[in-house]
Amino acid sequence: MTVSLRNNLLTAMSLVALATAGDIHRRMTHTALTAPMSLYPGEVANKYLRLEIPKGPISIVSFEADVVESDEDGNVVAVPLADAYLHHHVVFSDHKFYEREKNWWSPMKPKGANRGVSFGAGTESRGTRQAFPSPYRFTTVKGEDSLIANVHIINTRSMEARDAHKCLECPCSSEDRMLGGNDDNVTALFSAVVPRKGLENHCNSFLLAEDNTSCSPSAYFGGLYCCEDGEYCMDAFKDDVPDKPEKSTYHLRYTIEYEPVSRDTKPLYLAACCDATGDVDLPGNIEYDIPQCAPGGEDEDCVHVLETTQTLHGASSDVFGTGGSRSEEDKYVEVVYMVGHLHRGGISVALYLNDTELLCESLPTYGSGEPGEIGNEPGYINSMSSCTFDPPLVLRTTEKIRVVGKYNSSEPHQGVMSLFYIAVSDMPQEPGDVRSRTHGGSVLVATAVGLALLAAILHWRRYDKRRQYDAVDTSINIE
């Protein structure tokens, strides 16, 4: 059976499901706060925090998060991005069910975590609810009642915009590096920082040919590895500043919409693709730097484009869809959701199948409101567009995916990212069959089949009603 026909039959079956659905799973919402993070201006929180959730097994319909604090009256209120910059949050499970994966490590993932439930975003989090079409859900296991999150916040409250924008890119300070000569841009990382960065190269050939400063410890001058918990983003905001303002205390507020796990639930996990800094052999460097375009250049000349090719891969071993699968298997999976992650200056990040067929272009929305206007803050990415596939795309894990990240280079940036979050589900494999790539194809045939089945079901319902039998609920929720 070709994928084209299979996907269109899935559409037909969706029509049938609408006609035959009984009681919809009972949807519930859980909102809570993480432990507090108290920070001076310029101070960094890069912590692993416990997220309490309803006891599993549950199936998670959606996840969203933002940074909040308590006002003078004790009310929980949203914090402007210009005050508390959410560099990222990434969420995992550390339940013993995933014991085999506990030693896999990456910069944003502790050794006790694993693929399990996976969500992630940055400043766009407040305006980018990650939601998944039924019956595809991230699921927890029996007894699981918490998740773990790496929450990275930089306190830029009371800063001038120029300083705040510099801080959010995590420049290396005297806590991280020694200066070479009189040049502040020459970096020699302290010995304690080098292991965090690592000596092994993770950049693709494009970045190496560009001599991108993010690729080597000897040239590294800003990014994730200079943004550790308790550090200051700039020396100017360290302890010797007179009349230091009071600390601000922030929380990550998170909301999950969930329902009971049922026989119909199809568990999701993250694919290892995609990171524009990698290639077919390298999972990627996660971050890279944007060199400034030539002075006086035209607008079209001031766009930095990073392109690469990766494979979709199986399950991610790291975070936010990064880190190649530990045991690659050529199989088909259902792709149901994609969303990109960019930093300030980002224009777009897109995925193409075999170079030409656009799968998803994720675009940032920059705020255009007044400073401090929640959800519309100027100078910051307030949301990212996403792509939902219902019915799902059917792709091979070995499918070649072209990744294209674009940034405005009228000014330099450091530690930026061009990542994709791709939620996929395993599916039954059909030995010997060759399936096409996407859900295009015999739409008329599938629709006709669906309508015929729908008509038959409606006819049966009218007949069944005439028999005046009471319906028997045979649905089973696995609690």
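Residues numbered from 1 in each chain as written. Predicted model: local features only at pLDDT ≥ 70, side-chain atom pairs only at ≥ 80, totals over all residues. Heavy atoms only, no water.

## Thoughts on the overall build of the protein chain
When helices and strands are tallied, the protein chain shows five helices and 27 strands. For the protein chain, the residues scored as buried account for 52% of the 479 residues in total. Partitioning the contacts of the protein chain with sequence separation of at least 6, the portion at a separation of at least 24 is 81%. A total accessible area of about 21700 Å² is found for the protein chain, and carbon and sulfur atoms account for 52% of it. (Helix = DSSP H or I, 4+ residues; strand = E, 2+ residues; numbered from the N terminus. Buried < 20%, exposed > 50% of the residue type's maximum accessible area, 1.4 Å probe, protein only. Contact = heavy atoms within 4.5 Å. Areas by Shrake-Rupley, 256 points an atom, 1.4 Å probe, with all protein chains shown as cover.)

## Considerations on the sheet that holds strand 18 (residues 332-342)
One open sheet holds the four strands; their spatial order is 15-26-18-23, and the pairing between them is antiparallel. Single-partner strands in this sheet number two, and they are strand 15 (269-270) and strand 23 (386-396). Bridging between strand 15 and strand 26 (residues 418-426) involves two bridges; their strand directions are antiparallel. Looking at the pairing, Y269 lines up with V424 of strand 26. (Pairing = 2+ DSSP bridges.)

## A closer look at the packing of aromatic side chains
Summed over the entire model, instances satisfying the criterion amount to nine aromatic pairs. What links up through ring pairs into an aromatic cluster is the set F63, F119, F132, F138, Y337 and Y421. Here R402 stacks its cationic end above the ring of Y352, 4.4 Å away from the centre of that ring. (Phe/Tyr/Trp six-rings, centres within 6.5 Å; stacked < 30°, edge-to-face > 60°. Lys NZ or Arg CZ within 6 Å of the ring centre and 35° of its normal.)

## A short note on the environment of G284
Of note, G284 is situated in the loop between strand 15 and strand 16 (288-290). Residue classification places G284 among the buried positions, given a relative accessible area of 13%. For the pair G284 and N201, spaced 83 residues apart in the sequence, the C-alpha separation amounts to 9.0 Å.

## Regarding the environment of T139
Its place among the elements puts T139 in strand 9 (residues 136-139). The buried category is assigned to T139, whose relative accessible area is 18%. Taking the C-alpha atoms as reference points, T139 and T265, 126 residues apart in sequence, are found 8.6 Å from one another.

## A short note on the sheet that holds strand 20 (residues 357-362)
The four strands are arranged 17-24-19-20 in an open sheet whose pairing can be described as antiparallel. Two strands close off the open sheet at either side, each with one partner strand: strand 17 (303-311) and strand 20. Taken pair by pair, the neighbouring strands of this sheet meet at an average axis angle of 20 degrees, ignoring direction. (Axes fitted to C-alpha atoms, helices over the stretch in contact; angles between N-to-C directions.)

## Overview of the pattern of salt bridges
Applying the stated criterion to the full structure yields 17 salt bridges. One salt bridge connects E377 with R126, and the closest N-O pair in it is separated by 3.6 Å. One end of the pair, E377, is in the loop between strand 21 (364-366) and strand 22 (381-384); the other, R126, is in the loop between strand 7 (114-121) and strand 8 (130-131), with 251 residues separating them in the sequence. Note on E377: relative accessible area 1%, which makes it buried. With its nearest N and O atoms 2.5 Å apart, the salt bridge here joins R396 to D330. Of this pair, R396 sits in strand 23 while D330 is found in the loop between strand 17 and strand 18, placing the two residues 66 residues apart along the sequence. Classification of R396 by relative accessible area gives partly exposed; the value is 27%. The exposure class of D330 is partly exposed, given its relative accessible area of 43%. Salt bridges linked by common partners bring R27, R129, R137, E257 and E259 together as one network. (Salt bridge = Lys/Arg side-chain N within 4 Å of Asp/Glu carboxyl O.)

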